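Per-entry structural report
Chain by chain, the residues run as shown.
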Amino acid sequence: MNLIFLGPPGAGKGTVADLAKDALGIPHISSGQLFREQIKIGSPLGKRVEAILKAGNLVDDETTIEFVRERLGHPDVARGYILDGFPRTIAQAEALCAFSRPEAVINFTLSEERILRRLEGRRVAPSTGRNYHILYNPPKVAGFDDETGEALIQRPDDRKEAILNRLEVYLRETRPLIDHYMEKGLLLDLDASPSPREVLDQLLLLMREKGIH
Ligand code: AMP
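Okay, so let's go over this structure. (Residues numbered from 1 in each chain as written. Predicted model: local features only at pLDDT ≥ 70, side-chain atom pairs only at ≥ 80, totals over all residues. Heavy atoms only, no water.)

1. Focus: the site of the ligand
This is how it is decided: The criterion for a residue being near a molecule or strand is simple. One of its heavy atoms has to lie within 4 Å of it. Polar contacts, as used here, are pairs of N or O atoms within 3.5 Å; protein pairs need one atom able to donate a hydrogen and one able to accept it. Residues neighboring in sequence count only if both atoms are side-chain atoms. Here the accessible surface of atoms and residues is derived via Shrake-Rupley with a 1.4 Å probe, and residues count as covered only by protein chains that are part of the display. Every helix listed is a DSSP run of H or I at least four residues long, and every strand listed is a run of E at least two residues long, numbered separately from the N terminus.
Surrounding the ligand, one finds 16 residues, the nearest of these being Ser 31, Arg 36, Asn 57, Gly 85 and Gln 92. One of the side-chain N or O atoms of Gln 92 is found 2.9 Å from a nitrogen atom in the ligand. Relative to its free-state accessible area of 480 Å², the ligand is covered by the protein chains to the extent of 96%. In terms of residue count, the dominant contributor to the shell around the ligand is helix α2 (residues 31-41) (4 residues).

Spelled out as structure tokens, the structure:
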């Protein structure tokens, strides 16, 4: 099952993908998390993209496409994938369809006001990328990851100026993908405003209704 999670930053794509990967038995591949791992280990790629991520701009298409293409060649992808945060431009969508066939594009919908609230309260476990929210999805012990106990951080691009830029970039570069995938008959809307568990249940229902498995 090849799924794309599309939607604005803060819509909960990563959180729901983390739940859905266990329910569906396919890996969750987040292009943003792949870049953050490179930054963390200080690789040449990480050094090149660090300032871009911090400002909330997009990494260039060529680098991103090659990086994701390589990841989709790993053996764990044999039964499918959840792609979260890729594609983000029309050029990326066109490149993707040359090396893989997405079966459904889940369009996470959420009002701008809620997006801002979610992003400002988001906290992340740096080693796994697991997401929390200080109010809506808090960890068992405030400030620490439920499983590893590591200290949670706020992503540098979850600060106010970067958030506004990311929303602008989303509207300009990524939102056109909604029409792109609608025309291909792949788009399925998903209301992202309930809790992550409820959104997951709706997603699984949608998959069953559409006969995608
Ligand atoms: P995310 O974790 O999906 O919010 O992504 C974090 C950041 O990684 C983005 O703001 C971009 O700087 C970069 N990034 C992630 N995915 C892509 C992509 N498909 N194309 C370009 N840049 C990306």
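The discussion continues.
2. Comments concerning the pairing of strand β4 (residues 104-109)
For clarity, the threshold we go by: Exposure classes here rest on a 1.4 Å probe applied to the protein chains alone. A residue is buried below 20% of its type maximum, exposed above 50%, and partly exposed in between. Being paired, for any two strands, means DSSP has found at least two bridges between them.
Buried residues dominate β4, accounting for 5 of its 6 residues. Pairing between strand β1 (residues 2-6) and β4: 4 bridges, direction parallel. Its bridge partner being in β4, Phe 5 is matched across the sheet by Ile 106.

3. So, the environment of Ala 93
Put simply, the test is: Contacts: residue pairs with any heavy atoms within 4.5 Å of one another.
Mapped onto the elements, Ala 93 comes out in helix α5 (residues 90-99). On the accessibility criterion, Ala 93 (2% relative accessible area) is buried. Sequence separation between Ala 93 and Val 124 is 31 residues; the distance between their C-alpha atoms is 28 Å. Setting aside residues no more than four positions away along its own chain, Ala 93 makes contact with Pro 87, Leu 177, His 180 and Tyr 181.

4. Some details on the packing of aromatic side chains
Within a pair of aromatic rings, the relevant descriptors are the distance that separates the centres and the angle that separates the planes. Applicable threshold: Pairing of aromatic side chains here covers Phe, Tyr and the six-membered ring of Trp, requires ring centres within 6.5 Å, and sorts the geometry by plane angle: under 30 degrees stacked, over 60 edge-to-face, intermediate tilted.
Taken as a whole, this structure holds 2 aromatic pairs when the rule is applied. Look at Phe 5 and Phe 108: their rings are 5.0 Å apart centre to centre, the planes differ by 50°, and that puts the pair in the tilted class. Taken together, the residues Phe 5 in strand β1 and Phe 108 in strand β4 connect sequence positions 103 residues apart. One exposure class covers both Phe 5 and Phe 108, and it is buried. Pairing Phe 35 with Phe 67 gives two aromatic rings, centres 5.4 Å apart and planes at 25°, and the pair type is stacked. Here Phe 35 is found in helix α2, whereas its partner Phe 67 is found in helix α4 (residues 61-71), with 32 residues between them in sequence. For the pair formed by Phe 35 and Phe 67, the shared burial category is buried.

5. What to know about the packing of α2 against helix α3 (residues 44-55)
This is how the line gets drawn: Axes, fitted as lines to C-alpha atoms, cover a helix only where it is in contact. Angles between the N-to-C directions of the axes lie from 0 to 180 degrees. For this classification, under 35 degrees means roughly parallel, over 145 means roughly antiparallel, 65 to 115 means roughly perpendicular, and everything else is oblique. In this scheme the crossing of two helices becomes right-handed for a clockwise turn of the near helix relative to the far one and left-handed for an anticlockwise turn of less than a right angle. Three categories are distinguished: nonpolar for Ala, Val, Leu, Ile, Met, Phe, Trp, Tyr, Cys and Pro, charged for Asp, Glu, Lys and Arg, and polar for the others, with Gly belonging to the last.
As a packed pair, α2 and α3 sit with axes 8 Å apart at the nearest point and diverge in direction by 120°. Taken together, α2 and α3 sit at an angle that is classed as oblique. As for the relative orientation of α2 and α3, their crossing is left-handed in sense. Facing Gly 32, Phe 35, Arg 36, Gln 38 and Ile 39 of α2, the residues of α3 in contact are Leu 45, Gly 46, Val 49, Glu 50 and Leu 53. Of the residues assigned to the contact of α2 with α3, the class counts are 5 nonpolar, 3 polar and 2 charged.

6. Re a nonpolar patch on the surface
Here is the rule: In this analysis, a patch consists of residues with relative accessible area above 30% that form no salt bridge, clustered at 9 Å for like charges and at 5 Å for the nonpolar side chains Val, Leu, Ile, Met, Phe, Trp and Tyr. For this analysis, a salt bridge means a side-chain nitrogen from Lys or Arg found within 4 Å of a carboxyl oxygen belonging to Asp or Glu.
A surface patch of nonpolar side chains, amounting to about 340 Å² of accessible area, comprises Ile 134, Leu 135 and Tyr 136. Turning to its location among the elements, Tyr 136 is positioned in the loop between β6 (131-133) and α7 (160-174).

7. Thoughts on the pattern of salt bridges
Scanning the model with the defined rule gives 13 salt bridges in all. A salt bridge links Lys 21 to Asp 18, with the shortest nitrogen-to-oxygen separation between them at 3.3 Å. Placement of the pair is Lys 21 and Asp 18 together in helix α1 (residues 13-24), with a separation of 3 residues, close to one helical turn. Under the relative-accessibility criterion, Lys 21 is labelled partly exposed at 29%. Close ionic contact of Arg 117 with Glu 113 constitutes a salt bridge, the shortest N to O distance being 2.9 Å. Taken together, the residues Arg 117 and Glu 113, both in helix α6 (residues 112-121) and 4 residues apart, mark about one turn of the helix. Residue class for Arg 117 comes out partly exposed when judged on its relative accessible area of 39%.

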